[in-house]
Amino acid sequence: MRANSIDGIGMTSRRTRQRLVDRLREKGISNPRVLQAIADTPRHLFVDEALASRAYEDAALPIGYQQTISQPFVVASMTQTLIEDVDKHTRVLEIGTGCGYQTMVLSRLVNLVYSIERIGALQVRARDRLYDLKVRNVYLKHGDGFAGWPENGPYSGILLTAAPTEVPEALYEQLTVGGAMVLPEGNRTKQRLVTIKRTTEGFERFEGPWVNFVPMVSGKI
Ligand code: SAH
């Protein structure tokens with residue numbers, strides 16, 4: 001068994017991963033399916049080997065190109081909020097694939113995941129990694145998430161892992177009635193977690209805790 005195998009060893013072992021799950025439960029993540037998805041996702045394979053021993057700390061870590069893999073607690077709580085209202089057999093749009101960690105967590109919970117990343121080099125790496133991990137219900141695209149991905153919508157859930165200053169206009173109409181969008185909203189220094197729900201009447205907005213995400217940037221590179 002090697003540190004960079006799916007099962008890991010020592011600081012990357014399943015037991016270490018289970019300790020992270022226990023910590024998330026203590027911090028208030030209660031949805032058993034979300035906890036199981038975190039337990040099933042080998043976070044140490046989503047970061048550089050040099051950082052693998054820190055993969056099961058509840059912390060954000062660098063993934064290159066000035067981007068970060070989100071903190072597990074934040075991944076778990078956004079996912080929990082998103083799937084609370086999302087039927088199991090539906091499609092979700094993620095904006096900001098990054099290393100693909102949140103993408104794999106979502107893939108364990110919903111039928112189809114569509115994910116967009118603006119940095120080509122990260123997108124290619126995420127695609128190869130998810131393929132190697134045999135994640136097959138995910139479609140990835142190198143593009144600008146401000147436009148969403150209208151061809152495959154509408155989506156029952158939309159999750160943003162980079163922070164726009166306000167909800168991108170195009171995303172509202174890509175949400176199904178009954179669907180939810182979860183995002184960090186704000187500027188570089190001050191953001192809060194926002195949930196938008198689409199009802200037959202229109203859109204409802206809920207504001208959550210302060211968070212700290214990389215900014216959403218337009219255009220692809
Ligand atoms: N969920 C990711 C988090 C990565 S950080 C993970 O677990 O690794 C957020 C990502 O959003 C970065 O990779 C960044 O390049 C990307 N991003 C920022 N603006 C974007 C945009 N307009 N469209 C698509 N992706 C964007």
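Above this text sits the structure in question.
This text gives an overview of the structure that appears in the document.

Conventions we followed
- Residues numbered from 1 in each chain as written.
- Predicted model: local features only at pLDDT ≥ 70, side-chain atom pairs only at ≥ 80, totals over all residues.
- Heavy atoms only, no water.
- Core = buried A, V, L, I, M, F, W, Y, C linked by side-chain atoms within 4.5 Å.
- Buried < 20%, exposed > 50% of the residue type's maximum accessible area, 1.4 Å probe, protein only.
- Helix = DSSP H or I, 4+ residues; strand = E, 2+ residues; numbered from the N terminus.
- Contact = heavy atoms within 4.5 Å.
- Axes fitted to C-alpha atoms, helices over the stretch in contact; angles between N-to-C directions.
- Parallel < 35°, antiparallel > 145°, perpendicular 65-115°, else oblique.
- Left-handed = near helix turned anticlockwise from the far one by under 90°.
- Nonpolar A, V, L, I, M, F, W, Y, C, P; charged D, E, K, R; others polar.
- Near = heavy atom within 4 Å.
- Polar contact = N/O pair within 3.5 Å; in protein donor to acceptor, adjacent residues only side chain to side chain.
- Areas by Shrake-Rupley, 256 points an atom, 1.4 Å probe, with all protein chains shown as cover.
- 1 Å grid on protein atoms, 1.4 Å probe; cavity = no way out; pocket = protein on both sides within 12 Å on 5 of 7 lines; lining within 4 Å.
- Sits in = over half its atoms within 2 Å of the grid points.

Description of the nonpolar core
A general feature of soluble globular proteins is that nonpolar side chains tend to end up buried together.
Next, step 1: In this structure, I38, F46, I69 and Y101 are the most contacted members of the largest nonpolar core, which totals 44 residues.
Next, step 2: Elements supplying a minimum of two residues to this core: α1 (14-26), α2 (32-40), β1 (61-64), α3 (72-84), α4 (101-107) and α5 (120-132).
Next, step 3: Of the residues forming this core, the biggest block, six residues, is contributed by α3.
Next, step 4: Those residues in contact with F46, other than ones at most four positions away along the chain, are T41, I63, I69, C99, G100, Y101, M104, R129, L130 and L133.
Next, step 5: Counting 18 residues, the second-largest nonpolar core is a separate cluster that includes W149, L175, V194 and I196.

Some thoughts on the packing of α1 against α2
Next, step 1: Running from N to C, α1 and α2 point in directions that differ by 150°, and their axes come no closer than 9 Å. Put simply, α1 runs roughly antiparallel to α2. Considering the relative orientation of α1 and α2, their crossing is right-handed. Along the contact surface, α1 presents R14, R17, Q18, L20, V21, L24 and R25, while α2 presents L35, I38, A39 and D40.
Next, step 2: Residues that form the contact of α1 with α2 fall into these classes: six nonpolar, one polar and four charged.

Re the site of the ligand
Next, step 1: Taken together, 27 residues are adjacent to the ligand, and C99, E117, D144, G145 and V217 come closest.
Next, step 2: In the model, a nitrogen atom of the ligand is placed 3.0 Å from a nitrogen or oxygen of the D144 side chain.
Next, step 3: For the ligand, a nitrogen atom lies 2.7 Å from a polar atom in the backbone of V217.
Next, step 4: Across the complex, the protein chains shield 99% of the 570 Å² of accessible surface that the ligand would expose by itself.
Next, step 5: Here the ligand is seated within the largest pocket.
Next, step 6: Listing elements by their share of the shell around the ligand, those giving two or more residues are β2 (67-69), β3 (91-95), α4 and β4 (112-117).
Next, step 7: With three residues, the top contributor of residues to the shell around the ligand is β2.

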